[in-house]
Structures are given as C-alpha cells and as structure tokens.
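What follows is each chain in one-letter form.
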Amino acid sequence: MSPVPPASAPDLTVVQVPVSDPRVRPLLRELGDEYGARYGKDAHAELARYPDEQFTAAHGGVLLLLLEHGDPVAGGAFRRYDAVTAELKRIWTHSAHRRRGLARRVVAELEREAGARGYRRVYLTTGPRQPEARGLYLATGYTPLFDTEADPETVGLLPFEKHLPDTPRTGKAIAP
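Residues numbered from 1 in each chain as written. Predicted model: local features only at pLDDT ≥ 70, side-chain atom pairs only at ≥ 80, totals over all residues. Heavy atoms only, no water.

A. Structural detail: the nonpolar core. Within the largest apolar cluster, 26 residues are counted, with the highest numbers of intra-cluster contacts made by Phe-78, Leu-88, Leu-110, Tyr-137 and Tyr-142. Elements with a minimum of two residues in this core: strand E2 (62-68), strand E3 (71-82), strand E4 (85-93), helix H3 (102-116), strand E5 (121-126), helix H4 (131-139) and strand E7 (158-163). No other element matches the five residues that H3 contributes to this core. If we skip the residues at most four places from it in the chain, Leu-110 touches Val-62, Leu-64, Gly-76, Ala-77, Phe-78, Leu-88 and Ile-91. Core analysis: the next-biggest nonpolar cluster, separate from the first, contains 15 residues, Val-17, Tyr-35, Tyr-50 and Ala-77 among them. (Core = buried A, V, L, I, M, F, W, Y, C linked by side-chain atoms within 4.5 Å. Buried < 20%, exposed > 50% of the residue type's maximum accessible area, 1.4 Å probe, protein only. Helix = DSSP H or I, 4+ residues; strand = E, 2+ residues; numbered from the N terminus. Contact = heavy atoms within 4.5 Å.)

B. A look at the pattern of salt bridges. Counted by the stated rule, this structure contains 14 salt bridges. Here Arg-117 ties to Glu-113 by a salt bridge, and the two come within 2.7 Å at their closest N and O atoms. A salt bridge links Glu-161 to Arg-121; the nearest nitrogen and oxygen atoms lie 2.7 Å apart. With Glu-161 in strand E7 and Arg-121 in strand E5, this residue pair connects regions lying 40 residues apart in the sequence. The buried category is assigned to Arg-121, whose relative accessible area is 16%. Connected via shared salt-bridge partners are Arg-105, Glu-109, Arg-112, Glu-113 and Arg-117. (Salt bridge = Lys/Arg side-chain N within 4 Å of Asp/Glu carboxyl O.)

C. A look at helix H1 (residues 25-39). Taking 1.5 Å of rise per residue, 15 residues should cover 21 Å, and H1 covers 21 Å from first to last C-alpha, within 8% of that figure. Of all the residues in H1, the buried ones are Pro-26, Leu-27, Glu-30, Leu-31, Gly-32 and Tyr-35. Turning to H1, the residues buried within the fold contact helix H2 (45-48), E2, E3 and E4. Immediately downstream of H1, the backbone of Gly-40 shows phi near 100 degrees, a positive value. (Expected span 1.5 Å × (residues − 1).)

D. Seen up close, unusual backbone geometry. In the Ramachandran plot, His-69 falls in the positive-phi region, its phi being about 55 degrees despite a non-glycine side chain. Within the secondary structure, His-69 sits in the loop between E2 and E3. The class of His-69 is exposed, set by a relative accessible area of 76%. Residues other than glycine seldom take positive phi values, yet Arg-99 does so here, at roughly 70 degrees. With respect to the helices and strands, Arg-99 occurs in the loop between E4 and H3. Under the relative-accessibility criterion, Arg-99 is labelled exposed at 59%.

E. Broad picture of the environment of Pro-18. Looking at the secondary structure, you find Pro-18 in the loop between strand E1 (13-16) and H1. Note on Pro-18: relative accessible area 42%, which makes it partly exposed. Separated by 38 residues in sequence, Pro-18 and Thr-56 have C-alpha atoms that sit 6.7 Å apart.

F. Examining H3 more closely. In a regular helix each residue adds 1.5 Å, so 15 residues correspond to 21 Å; H3 covers 21 Å between its end C-alpha atoms and thus fits that length. For H3, the buried fraction is high: 11 of the 15 residues fall into the buried class. Those residues of H3 that fall on the buried side of the exposure criterion are Leu-102, Arg-105, Val-106, Val-107, Glu-109, Leu-110, Glu-111, Glu-113, Ala-114, Gly-115 and Ala-116. Where H3 terminates, the next one or two residues include Gly-118, which has phi positive at roughly 95 degrees.

G. Just the confidence of the model for the protein chain, in detail. On average, residues of the protein chain score 86 in pLDDT, and 88% of them are at 70 or above. Contacts for the low-pLDDT stretch residues 1-9, under 50 throughout, to residues beyond four places or in other chains number 14 contacts. (pLDDT = per-residue confidence, 0-100.)

Here it is as structure tokens:
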C-alpha cells in the first residue's frame, strides 16, 4: 500500500478557535465516541479532564481546526505542560476524512504554533488501544518514552516527546 499524500494547503484553511466554537462539536463528539468504544464509558471523562481555558493563548494553549470548504475535517490542541513544553491533546480526523494525511498536517501545525510561541519541546500521551496514533507519532519523529517492545496494554498511557527546532517567535508570550 502506498502512503497517502498529505492534504495540500490550498484545500485547507487552518483556524484557531475556542473550545466553545460550534465547529469544535464534531471533534469532541467523535473523540468521545472513539474513546468510549476503545476504553469504555468512563473514557468520555478524558475530554472534560482539562478546563477549556487551558487551550487558549492566554493560558499558553491553542485549539486548531483544519477546514475544508468551511467544514471541520481535522483538529487538535495543545496546552501548557511546563515553561518549555506544550502538551498535544485532542488530535482528531473526521471519520469521513481519514487516510488523507490530515492528522500529520494537524501535528505539524501544532508544532509550528508551539515553536512560534517559544515552546522548545512537545509532549503527548496516547492510549494503548490506539495503534494508529502510536504509528503517527513514530512516523512524525516523536521519541517514545516507553518500551516499544512491551505489550501496550501493560504499559498504559504511551508517552512521546519531540524537541522543536529554534524558530522565530511570534511575540505571543507563554503564560506562566
């Protein structure tokens, strides 16, 4: 099977939005359903674990959507993990738009934005029952912080990190 080419820039618009934006609802609904199917009914609590304001610039975070003809097809967010680290959360591709390289594009946009805001490192965890997410992070240069030979179910959450290259800042400060 040949790799799927990434979605081209002219086809997509990247927007920063608050969690309250109605275009975020499909992301949250599908993530909740996906987590519930893989991990059980309590998985929906993961989406409520972090206050929405943690994904705003004022708190060192962001939520991005990729729009195609105005409709959300993918998205993701980061929150401030520590003074130099952004933590990726809520990486999502609409179920009707998978296998197009959109998740790679979301991760790249989040990394670019994190670097522009002065973060030097990106950290994330994914669940043991999400092999496609594990594959995405390995394929995009993330270092696994766990034994990749172990059964993921015995590891629990699978942590990854990536050090960002030095990039010019946008002037947006990272909130303390």
